Amino acid sequence: GHTLDIEVNHNINKADMDGDYRTKLGIDSDLLYQDGNNDKNTLSTINIDYVNPLNDHTKLELGAEGRISRADNNFSSNNPLIPTNQAAIANKYDQDIFSSYATFGQTLGKFNYQVGTRVESYKVDSKLDGTSTFKDDYVTLYPSVYVGYNLTESDMFNVSYSRRVDRPSVRQTSPVRQFSTPLMTMVGNPELKPQFTNSVELNYTRLFAKRSSITA
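Remember, predicted model here, so these are calculated numbers, not experimental data. (Residues numbered from 1 in each chain as written. Predicted model: local features only at pLDDT ≥ 70, side-chain atom pairs only at ≥ 80, totals over all residues. Heavy atoms only, no water.)

Moving on: the overall build of the protein chain. Broken down by element type, the protein chain carries one helix and 11 strands. Its helices and strands taken in sequence order, the protein chain reads β-β-β-β-β-β-β-α-β-β-β-β from the N to the C terminus. A compact globule built from 216 residues would reach a C-alpha radius of gyration of about 17 Å, whereas the protein chain, at 25 Å, exceeds it by more than 25%. For the protein chain, the spread of C-alpha atoms along the principal axes amounts to about 80 × 35 × 25 Å. Counting across all 216 residues of the protein chain, residues that qualify as buried make up 29%. Within the protein chain, contacts between residues at least 6 apart in sequence are counted, and of these 59% link residues at least 24 apart. Accessible surface computed for the protein chain: about 14000 Å², of which carbon and sulfur atoms make up 55%. Each charge class in the protein chain was averaged separately, 22 positive and 26 negative side chains, and the resulting centres sit 3 Å apart. (Helix = DSSP H or I, 4+ residues; strand = E, 2+ residues; numbered from the N terminus. Rg over C-alpha atoms; globule rule 2.2 N^0.38 Å. Buried < 20%, exposed > 50% of the residue type's maximum accessible area, 1.4 Å probe, protein only. Contact = heavy atoms within 4.5 Å. Areas by Shrake-Rupley, 256 points an atom, 1.4 Å probe, with all protein chains shown as cover. Lys, Arg positive; Asp, Glu negative; His and termini not counted. Charge placed at Lys NZ, Arg CZ, Asp CG, Glu CD.)

Set out below in structure tokens:
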């Protein structure tokens with residue numbers, strides 16, 4: 001009954017975009033220019049998950065994950081309104097996330113519970129035109145707890161707690177211009193912070209004879 005799952009992925013994404021702009025400067029004059037974006041992103045992931053059913057009522061789960069992301073974003077423009085030092089810029093954004101987790105679950109009569117934690121190492125380095133503009137390096141714990149109680153075969157209660165994280169995407173953190181007009185410029189912010197969530201849930205589930213259920 002032991003299981004070991006290993007999954008490896010490597011993704012490469014390339015995108016080129018050239019935009020032609022015509023902007024009115026006055027009644028009889030137009031400004032014609034072109035913006036160009038050249039982006040290359042790679043993401044390598046490896047997941048290892050192991051499940052050990054210690055007995056009929058107890059289960060141990062262990063796992064590890066590595067996520068290595070590399071982004072190379074370049075911008076160029078012949079817009080004369082853009083400062084010379086910003087007409088051609090390049091940014092490299094390196095992100096490494098390594099984590100491991102352990103979960104222990106058990107059924108005791110009408111009660112069942114599961115406790116676990118995940119430890120994660122996060123490291124990022126953003127370099128604009130070869131100069132490091134932002135670095136971050138920290139370790140975070142993400143605990144989780146689940147407790148269930150079966151009042152009857154049809155009535156079940158459970159309460160759970162977990163800590164989660166939602167990080168900004170590469171596009172949201174890249175300081176390279178996505179496009180630029182005299183009135184608007186779109187760029188990312190490499191110093192965007194991740195969003196951490198502490199989630200608590202209380203549920204009641206009722207099973208019916210015709211294999212249907214309702215949860216509140």
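What follows deals with the layout of surface pockets. The volume enclosed by the largest pocket comes to roughly 250 Å³. Taken together, 17 residues make up the lining of the largest pocket; nearest its centre are Tyr-142, Pro-143, Ser-144, Tyr-161 and Ser-162. Those elements that provide at least two residues to the lining of the largest pocket are β4 (88-108), β5 (111-128), β6 (131-150) and β7 (155-166). Split by residue class, the lining of the largest pocket holds seven nonpolar, seven polar and three charged. (1 Å grid on protein atoms, 1.4 Å probe; cavity = no way out; pocket = protein on both sides within 12 Å on 5 of 7 lines; lining within 4 Å. Points joined across faces, edges and corners; volume = space filled by probe spheres on them. Nonpolar A, V, L, I, M, F, W, Y, C, P; charged D, E, K, R; others polar.)

A cluster of nonpolar side chains, Leu-108, Phe-111, Val-115, Val-145, Val-147, Val-159, Val-200 and Leu-202, forms an exposed patch at the surface whose accessible area comes to about 700 Å². If you list the elements that add at least two residues to the nonpolar patch, you get β5, β6 and β10 (195-207). With respect to the element layout, Val-115 can be found in strand β5. (Patch = residues over 30% accessible without salt bridge, like charges linked within 9 Å, V, L, I, M, F, W, Y side chains within 5 Å. Salt bridge = Lys/Arg side-chain N within 4 Å of Asp/Glu carboxyl O.)

The next thing to look at is the nonpolar core. Core analysis: the largest hydrophobic core is formed by seven residues, namely Ala-71, Tyr-93, Ile-97, Tyr-122, Val-124, Phe-134 and Tyr-138. Look past the residues within four positions of Tyr-122 in its chain and what remains in contact with it is Tyr-93, Gln-95, Asp-96, Ile-97, Asp-136, Asp-137, Tyr-138 and Arg-167. (Core = buried A, V, L, I, M, F, W, Y, C linked by side-chain atoms within 4.5 Å.)

Bringing the side chain of Thr-45 into the picture now. Positionally, Thr-45 belongs in strand β2 (residues 30-55). In this structure, Thr-45 is in contact with Glu-7, Val-8, Asn-9, Gly-66 and Arg-67, ignoring residues within four places of it in sequence.

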